Amino acid sequence: MDKLLIGVRAEDKSYWERRTPIPPHDCKYIMEKHPQIQMVIQPSTKRIFTDEQYLEVGCLVQEDLSQCKGIVCIKEIPLDKYIEGMTYLHWSHTIKAQPHNMPALDMMLKKNIRHLDYERIYDEKGVNTTAFPYAGIAGIITFLNEYGKYLLKRDIATPFLQIGPTYQYFNKKDAYQALNVAGQAIKERGLPKEAGLPIIIGVLGSSGLCGKGSMEALSNLHVTLVKPSELKELVNTPNDPKHRKTVYVCPFKTTDLVRHQEDYDKEFTSADYYNHPNQYTPVFHTKYLPYLTIIVNDIYWDHKFPRYITNSQMRDLVQSGKSRLQAICDVTCDMEGSIQFLKKYTTPDNPVYFYEPISESIHDEFDAKSPKDIMYMSIDFLPSQLPYDASIDFGIALRDIVPHLAYSDSSKPLEESGLPVFLQNATITLHGQLTHKFQYITHLRNINDQLKEAESFQPKKALKKVPSYLAIRLTGHLFDTGAINKILSVVQSGCKFNIVDIQAGQSDNQQTSCLLQLYSKDKGQLMDEVDKVIQLCETLDIQVETE
């Protein structure tokens, strides 16, 4: 009986990408547990595991993967490398109709690709099994290296210089040893007062996956944990001798960042905040930002939430003379998002830029004549800097998933293909079409096309011209079922709207349609709201068409 071949691509999106989705020992596990399967590995001279290590466990190492039943990789695939009719499991970054990756989606549709995406693989508890904390871990290590160099450029030598960039370490264990050495040196020799003592690191989103990674890494620096309520007293005692030998870390939860607009005493719940973010006001910039030396941003954010630090808030704080902020390590990397002055992404080659809060300008090099500059690190592919550990966890997550690619039949309808339900739910394309759960991508693409021409739109009647606008035709039992109320409750939290051209059904059996006009000053926020409307309408059996 011929073997069922499963291929592993050599990553080629960036020379920094050294991870593999399936390490050699997990290939061995798969082949021993499933004798019908043969793992085929594309050769690579930069991958964290060598070709020889794969050969030793019985893998084939060859360039040609065209005879494989499925191919597994991590990052996006060059358009000319897609194989006709192949099954691929990887991150495609297409499920939000990201414009820069739509050519890849078109190619997958054109070449009849069955594509499964890591971003939609969930276990029975609703947890994404291919999400790991390595962004938070790698971010802290490289950031501390850059912070040490930043202080040295200000003629301040510190033990942070003993920490190297993340990529120079084989694994996190080696990196943590360096953090331990630097932390011990701080305890023994101390920090110079010129560094701006006390050094207080605030970690936003400390309880999330990235935040837990950052907190884990920082714990190896022998830090002292403090509560938000303790910050003021720490800063008001600058001559306390403990500050010289202590790096303070303050974990922040979402409840520390906002308060209810009307009911100040209302008990905070994440569910209420996520469902009604427009009812909350940010307070972080006034209550806690003035006391922080460094911010580590690990918090989940999208456009429906308020920004936690805006350009104007930072400018006002600096002009008041009350800012202590020296640097930011932005792990989540939302462009102009929760921290508005994230203006560009950086790379391990050039990890930081500098933001001048008065002029709101950025520059790449340290400028001793610009003392108000804030150092900003915003590497948006941090896990690749810990390729060994990340690959190990990837293998554990995938080794019992990959065999399903070999045993399933991509020529059959999705429900009859032999894929388990959780992988059916992660399948984006099949037989040259988007699968049912991902047909909303077509709507989002149409919206993107509309937004390109949004500047020329002239709204009806009293509506003022706005930067981002689109119209959606809703058809179904909108009013008699209360569906329209549910739709508008979603919309009103994120953008303005207007309902026009209502065509009411004349009986209970006839459907009603209306034109829902949505408009916002922020394109990204508008896209997020439209995505929510489309997904809600699917559950309500309401037809959606973009006008």
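Residues numbered from 1 in each chain as written. Predicted model: local features only at pLDDT ≥ 70, side-chain atom pairs only at ≥ 80, totals over all residues. Heavy atoms only, no water.

Brief notes about the overall build of the protein chain
Each helix and strand in the protein chain was counted, giving 16 helices and 22 strands. In terms of overall size, the protein chain behaves like a compact globule, its C-alpha atoms giving a radius of gyration of 26 Å where 547 residues would be expected to give roughly 24 Å. Along the first, second and third principal axes, the C-alpha set of the protein chain runs to 75 × 70 × 40 Å. Across the 547 residues that make up the protein chain, the buried fraction comes to 54%. Partitioning the contacts of the protein chain with sequence separation of at least 6, the portion at a separation of at least 24 is 70%. For the protein chain, the accessible area works out to roughly 24700 Å², and carbon and sulfur atoms hold 49% of it. Put simply, the protein chain has 60 plus and 68 minus side-chain charges, and the middle of one group is 5 Å from the middle of the other. (Helix = DSSP H or I, 4+ residues; strand = E, 2+ residues; numbered from the N terminus. Rg over C-alpha atoms; globule rule 2.2 N^0.38 Å. Buried < 20%, exposed > 50% of the residue type's maximum accessible area, 1.4 Å probe, protein only. Contact = heavy atoms within 4.5 Å. Areas by Shrake-Rupley, 256 points an atom, 1.4 Å probe, with all protein chains shown as cover. Lys, Arg positive; Asp, Glu negative; His and termini not counted. Charge placed at Lys NZ, Arg CZ, Asp CG, Glu CD.)

As for the side chain of Ser44
Residue position: Ser44 is located in the loop between strand S2 (37-41) and helix H2 (51-56). Polar contacts involving the side chain of Ser44 include one to the main-chain amide nitrogen of Lys46, which spans 3.3 Å. In this structure Ser44 touches Ala10 and Asp51, once residues within four positions along its chain are discounted. (Polar contact = N/O pair within 3.5 Å; in protein donor to acceptor, adjacent residues only side chain to side chain.)

Details of the pairing of strand S16 (residues 374-377)
Alternating positions in S16 separate into two faces, Ile374 and Tyr376 on one and Met375 and Met377 on the other, with burial throughout. Bridging between strand S13 (residues 327-330) and S16 involves 3 bridges; their strand directions are parallel. Within S16, the position partnered with Ile328 by the bridge is Tyr376. Of the strand pairs in this sheet, strand S14 (residues 352-356) and S16 are connected by 4 bridges, and their pairing is antiparallel. Counted as the bridge partner of Phe354 is Met375 from S16. (Pairing = 2+ DSSP bridges.)

Overview of the pattern of salt bridges
The tally for this structure, following the rule as stated, stands at 14 salt bridges. Put simply, Asp26 and Arg399 hold a salt bridge, and the shortest N to O gap is 3.2 Å. With Asp26 in helix H1 (residues 24-33) and Arg399 in the loop between helix H11 (387-398) and helix H12 (402-407), the pair connects residues that are 373 residues apart, well separated along the chain. Since its relative accessible area comes to 0%, Asp26 is described here as buried. Among the ionic pairs, Glu216 bridges to Lys172, the shortest N-O distance being 2.9 Å. With a gap of 44 residues between them, Glu216 in helix H6 (residues 209-219) and Lys172 in helix H5 (residues 172-189) connect regions that are remote in the sequence. (Salt bridge = Lys/Arg side-chain N within 4 Å of Asp/Glu carboxyl O.)

Some details on the packing of helix H4 (residues 134-153) against H6
Packing of H4 against H6 leaves a shortest axis separation of 6 Å and a crossing angle of 40°. As judged from the angle between their axes, H4 and H6 are oblique. Of the two possible hands of crossing, H4 and H6 adopt the one that is right-handed. Side by side, H4 and H6 meet where Ala135, Gly136, Ile137 and Ile140 of the first sit next to Cys210, Gly213, Ser214, Glu216, Ala217 and Leu218 of the second. Its residues assigned to classes, the contact of H4 with H6 shows 6 nonpolar, 3 polar and 1 charged. (Axes fitted to C-alpha atoms, helices over the stretch in contact; angles between N-to-C directions. Parallel < 35°, antiparallel > 145°, perpendicular 65-115°, else oblique. Left-handed = near helix turned anticlockwise from the far one by under 90°. Nonpolar A, V, L, I, M, F, W, Y, C, P; charged D, E, K, R; others polar.)

Some details on the domain arrangement of the protein chain
Size of an interface, as often reported, equals the accessible area lost when the parts are brought together. The assigned domain composition of the protein chain is domain 1 (4-130 + 389-444), domain 2 (133-341 + 343-377) and domain 3 (464-546). Averaged C-alpha coordinates put domain 1 and domain 3 at centres separated by 36 Å. On the domain 3 side, the residues contacting the 4 residues of domain 1 number 8 residues. Taken together, the two surfaces of domain 1 and domain 3 that pack against each other cover about 640 Å², and 63% of this comes from carbon and sulfur. Linking domain 1 with domain 3 are 0 salt bridges, by the criterion used here. Across the domain 1-domain 3 interface, the total number found is 0 residue pairs in polar contact (both at pLDDT 80 or more). Among the residues forming the side of domain 1 that touches domain 3, the class breakdown is 2 nonpolar, 2 polar and no charged. (Domains from an automatic or database assignment. Buried area = accessible area lost by both parts, 1.4 Å probe.)

A look at the nonpolar core
Met39, Tyr147 and Phe160 are the most contacted members of the largest nonpolar core, which totals 84 residues. With 11 residues, H4 is the single largest residue contributor to this core. The residues that make up this core include at least three from each of domain 1 (4-130 + 389-444) and domain 2 (133-341 + 343-377). In contact with Met39, other than residues within four places in its own chain, are Ile6, Val8, Ile22, Cys27, Ile30, Met31, Cys59 and Leu60. (Core = buried A, V, L, I, M, F, W, Y, C linked by side-chain atoms within 4.5 Å.)

Quick notes on the pairing of strand S12 (residues 294-297)
Across the two faces of S12 the burial is the same, with Ile294 and Val296 and Ile295 and Asn297 all buried. As defined by bridge partners, strand S7 (residues 199-204) adjoins S12 across 4 bridges and the pair is classed as parallel. Looking at the pairing, Leu204 lines up with Asn297 of S12. With 4 bridges connecting them, S12 and S13 associate as parallel partners. Its bridge partner being in S13, Ile295 is matched across the sheet by Ile328.

What to know about H1
Within H1, the full set of buried residues consists of Pro24, Asp26, Cys27, Ile30 and Met31. Down the axis of H1, the buried set is contained in an arc of 160°. They therefore lie on one face. In this fold, the buried residues of H1 make contact with S2, H2, H11 and H12. (Arc of directions from axis to C-beta.)

Considering helix H3 (residues 102-110)
Among all positions in H3, only Met102, Ala104, Leu105, Met107 and Met108 are buried. Asn112 sits one or two residues past H3 and shows a positive phi near 60°.

What about the packing of aromatic side chains?
For the structure shown, the criterion picks out 28 aromatic pairs. When the centroid spacing of 6.0 Å and the interplanar angle of 10° are considered together, the rings of Phe143 and Tyr147 count as stacked. A residue pair is termed a helical-turn pair when its members lie 3 or 4 positions apart in one helix, as Phe143 and Tyr147 do in helix H4 at 4 residues. Assigned by exposure class, Phe143 and Tyr147 land together as buried. Judged by centre distance (5.3 Å) and plane angle (55°), the ring pair of Phe252 and Tyr288 falls under tilted. Within this pair, whereas Phe252 is found in strand S9 (residues 247-252), its partner Tyr288 is found in the loop between helix H9 (284-287) and S12, the two being separated by 36 residues in sequence. The structure contains a cluster of three or more aromatic residues connected by ring pairs, namely Phe143, Tyr147, Tyr150, Phe160, Phe354 and Phe366. The ring centre of Tyr29 lies 4.2 Å from the NZ or CZ of Arg399, which sits over that ring. (Phe/Tyr/Trp six-rings, centres within 6.5 Å; stacked < 30°, edge-to-face > 60°. Lys NZ or Arg CZ within 6 Å of the ring centre and 35° of its normal.)

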